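Overview (structure and organization)
Below are the chains, spelled out letter by letter.
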Amino acid sequence: MKTYKLTAFKHDGEMITEETFEAENDDAAKEKGHAILDEKGLADQTHRLASPMGKLLLFHS
């Protein structure tokens, strides 16, 4: 399992949430990241999901 980091921000740059979670691969992490954002109602906020290697898997501004 790899550790991924999901961060969401308000439009003024204030951090709303920062979560780390584990997933088997990048595709599973994207699914889990989308689920977390949807659950918290943050899908339309600025957000990013980074892999353990620093690769951006999800990004919305």
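A short tour of the structure in this document, coming up. (Residues numbered from 1 in each chain as written. Predicted model: local features only at pLDDT ≥ 70, side-chain atom pairs only at ≥ 80, totals over all residues. Heavy atoms only, no water.)

A closer look at the overall build of the chain
Counted only if it meets this: Labels follow the DSSP assignment, with helices taken as runs of H or I lasting at least four residues and strands as runs of E lasting at least two, numbered in each case from the N terminus. Note on method: radius of gyration uses C-alpha positions; expected globular size equals 2.2 Å times residues raised to 0.38. Contact between two residues is taken to exist if any of their heavy atoms lie within 4.5 Å; hydrogens are not considered. Note on areas: Shrake-Rupley, 1.4 Å probe, and residue coverage restricted to the protein chains presented here.
Secondary structure summary: the chain contains 1 helix and 4 strands in total. N-terminal to C-terminal, the α/β element order of the chain is β-β-α-β-β. Relative to the 2.2 N^0.38 estimate, which gives 10 Å for 61 residues, the radius of gyration of the chain is 11 Å and therefore close to what a compact globule would have. For the chain, the proportion of contacts with a sequence separation of at least 24, taken over those separated by at least 6, is 41%. Carbon together with sulfur atoms contributes 47% to the accessible area of the chain, which is approximately 4100 Å² in total.

Remarks on the pairing of strand β3 (residues 46-50)
Convention followed: Buried residues are those whose accessible area, probed at 1.4 Å on protein chains only, stays under 20% of the maximum for their type, while exposed residues exceed 50% and partly exposed ones sit between those limits. Two strands pair if DSSP finds at least two bridges between them.
Of all 5 residues making up β3, 4 are buried, and the element is well covered by its neighbours. Here 5 bridges tie strand β1 (residues 2-9) to β3, and the two strands are oriented antiparallel to one another. Counterpart to A8 in the pairing with β3 is H47. In the sheet, β3 pairs with strand β4 (residues 56-60) via 4 bridges, with the strands oriented antiparallel. From the neighbouring strand, H47 faces β4, where its bridge partner is H60. Turn length for the β3-β4 hairpin, with the two strands adjacent in sequence and antiparallel, is 5 residues, and the turn residue G54 shows positive phi of about 90 degrees.

Quick word on the side chain of H47
Put simply, the rule is: Pairs of N or O atoms are called polar contacts if they sit within 3.5 Å, as long as, within protein, a hydrogen donor faces a hydrogen acceptor (for residues adjacent in sequence, only side-chain-to-side-chain pairs).
As for its placement among the helices and strands, H47 is situated in strand β3. Reaching out from H47, the side chain makes a polar contact with the backbone oxygen of Q45 at a distance of 2.8 Å.

Notes on helix α1 (residues 26-40)
To be explicit about the condition: Helix span is expected to be 1.5 Å times the residue number reduced by one. Summarising the geometry, the arc corresponds to the directions from the helix axis toward the C-beta atoms.
Its 15 residues place the ends of α1 21 Å apart at the C-alpha level, agreeing with the 21 Å of an ideal helix rising 1.5 Å per residue. Every buried residue belonging to α1 is among A29, G33, I36 and L37, and all of these are buried. Along α1, the residues classed as buried sweep out an arc of 95 degrees about the axis, all on the same side. When the buried face of α1 is taken as reference, the exposed residues oriented beyond 90 degrees from it are D27, E31, D38 and E39. Put simply, N25 is the residue that caps the front of α1, since its side-chain oxygen is 3.1 Å from the backbone nitrogen of D27. Following α1 by one or two positions, G41 adopts a phi angle in the positive range, close to 70 degrees.

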